[in-house]
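Fold and contact review
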Amino acid sequence: DTGVSQDPRHKITKRGQNVTFRCDPISEHNRLYWYRQTLGQGPEFLTYFQNEAQLEKSRLLSDRFSAERPKGSFSTLEIQRTEQGDSAMYLCASSSALLRYEQYFGPGTRLTVT
Amino acid sequence: DQQVKQNSPSLSVQEGRISILNCDYTNSMFDYFLWYKKYPAEGPTFLISISSIKDKNEDGRFTVFLNKSAKHLSLHIVPSQPGDSAVYFCASYTNAGKSTFGDGTTLTVKP
């Protein structure tokens, strides 16, 4: 069990550019979640996949954000036309079907938009 | 929408004593509540959970209490150890897959 991995760990981009983050969940986990966390706050739910199906999406997720999990394994989160307000830590988590509420988090991708 | 509040940003206790971390929520639309622990530069780590139909769950030094009438839960750590020093988040979870986190409480356990 190698845990949840995320790539890259850090990303600096200029406003208006597109960025894509990758998450590799624990291999036997069929549920995958994306969160955003800013300084001094708790993780904020963005979206949830069960296998390849995106079943829940936050109203806070603007049209500039899109997530995919094409084969029910790894997932990507893309942010188009980045804004300074997108600067945050982006966390991925996964859980099993049996213990669906017990989420295992990756180390996160820190995005800085300049 | 569910709101989860952790009203104490920080807590300091002496090693060996009890740490009590508190959390309030606004509605009963959840299936579980979880506590996570977070160290700097790492993602949150699952600590303990409680089902919406229970009022207590215990795992070693950690006990979570759920008071549904007061919409309040608490995490008790006994005895506290310096390695417990971290940020603690409470979070609700629905079987639809959505979680709502509080803003965290920083626990410092002094040797």
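One structure accompanies this document, and this report is about it. What you see is a predicted model, and the numbers here were worked out from it, not measured in a lab.

Basis of the calculations
- Residues numbered from 1 in each chain as written.
- Chains lettered and ligands numbered in written order.
- Predicted model: local features only at pLDDT ≥ 70, side-chain atom pairs only at ≥ 80, totals over all residues.
- Heavy atoms only, no water.
- Buried < 20%, exposed > 50% of the residue type's maximum accessible area, 1.4 Å probe, protein only.
- Helix = DSSP H or I, 4+ residues; strand = E, 2+ residues; numbered from the N terminus.
- Pairing = 2+ DSSP bridges.
- Axes fitted to C-alpha atoms, helices over the stretch in contact; angles between N-to-C directions.
- Contact = heavy atoms within 4.5 Å.
- Buried area = accessible area lost by both parts, 1.4 Å probe.
- Salt bridge = Lys/Arg side-chain N within 4 Å of Asp/Glu carboxyl O.
- Polar contact = N/O pair within 3.5 Å; in protein donor to acceptor, adjacent residues only side chain to side chain.
- Nonpolar A, V, L, I, M, F, W, Y, C, P; charged D, E, K, R; others polar.

1. Description of the pairing of strand E4 (residues 31-37) of chain A
Residues and elements named next belong to chain A.
- With 7 of its 7 residues buried, E4 lies for the most part within the structure.
- Judged by which residues are buried, E4 turns out to be covered on both faces: Arg-31, Tyr-33, Tyr-35 and Gln-37 on one side and Leu-32, Trp-34 and Arg-36 on the other are all buried.
- From the end of E4 to the start of strand E5 (residues 44-50), which pair antiparallel, there are 6 residues, and Gly-40 there has a positive phi angle of about 85 degrees.

2. Considering the pairing of E5 of chain A
All names here are of chain A.
- With 5 of 7 residues buried, E5 lies mostly within the body of the structure.
- Here E4 runs beside E5; their pairing, made up of 6 bridges, is antiparallel. Within E5, the residue paired with Trp-34 across the bridge is Thr-47.
- Pairing between E5 and strand E6 (residues 53-57): 4 bridges, direction antiparallel. Paired with Phe-49 across the strands is Gln-54, a residue of E6.
- Where E5 folds back onto E6 in an antiparallel hairpin, the turn is made up of 2 residues, including Asn-51, whose phi is positive at roughly 55 degrees.

3. Considering the sheet that holds strand E6 (residues 56-59) of chain B
Residue and element names in this part refer to chain B.
- Ordered in space as E1-E3-E8-E7-E6, the 5 strands form an open sheet in which the pairing is antiparallel. Lying at the two open borders of the sheet, with one neighbouring strand each, are strand E1 (4-5) and E6.
- Note: E6 against strand E7 (residues 62-67), 4 bridges, orientation antiparallel. When the sheet's bridge partners are listed, Asp-59 is paired in E7 with Phe-62.

4. Examining the sheet that holds strand E8 (residues 75-79) of chain A
All names here are of chain A.
- If you trace the 4 strands from one edge of the open sheet to the other, you get E1-E3-E8-E7, paired in antiparallel fashion. Only two strands of the sheet have a single partner each, and these edge strands are strand E1 (5-7) and strand E7 (65-68). Geometrically, the sheet is characterised by an average inter-axis angle of 15 degrees between neighbouring strands, direction not taken into account.
- Here 3 bridges tie E1 to strand E3 (residues 19-24), and the two strands are oriented antiparallel to one another.

5. Concerning the interface of chain A and chain B
- Listed by partner, the interface residues are 21 residues for chain A and 20 residues for chain B.
- For the pairing of chain A and chain B, the buried interface totals around 1800 Å² over both sides, and the portion due to carbon and sulfur atoms is 54%.
- Applying the counting criterion to the chain A and chain B interface returns 1 salt bridge.
- A salt bridge links Arg-59 of chain A to Asp-1 of chain B; the nearest nitrogen and oxygen atoms lie 2.7 Å apart.
- Linking chain A with chain B are 9 residue pairs in polar contact (both at pLDDT 80 or more), by the criterion used here.
- Elements that contribute at least two residues to the side of chain A that touches chain B include exactly E4 and E5 of chain A.
- A total of 4 residues in the side of chain A that touches chain B trace back to one element, the largest contributor, which is E4 of chain A.
- Here the side of chain A that touches chain B is composed, by residue class, of 9 nonpolar, 6 polar and 6 charged.

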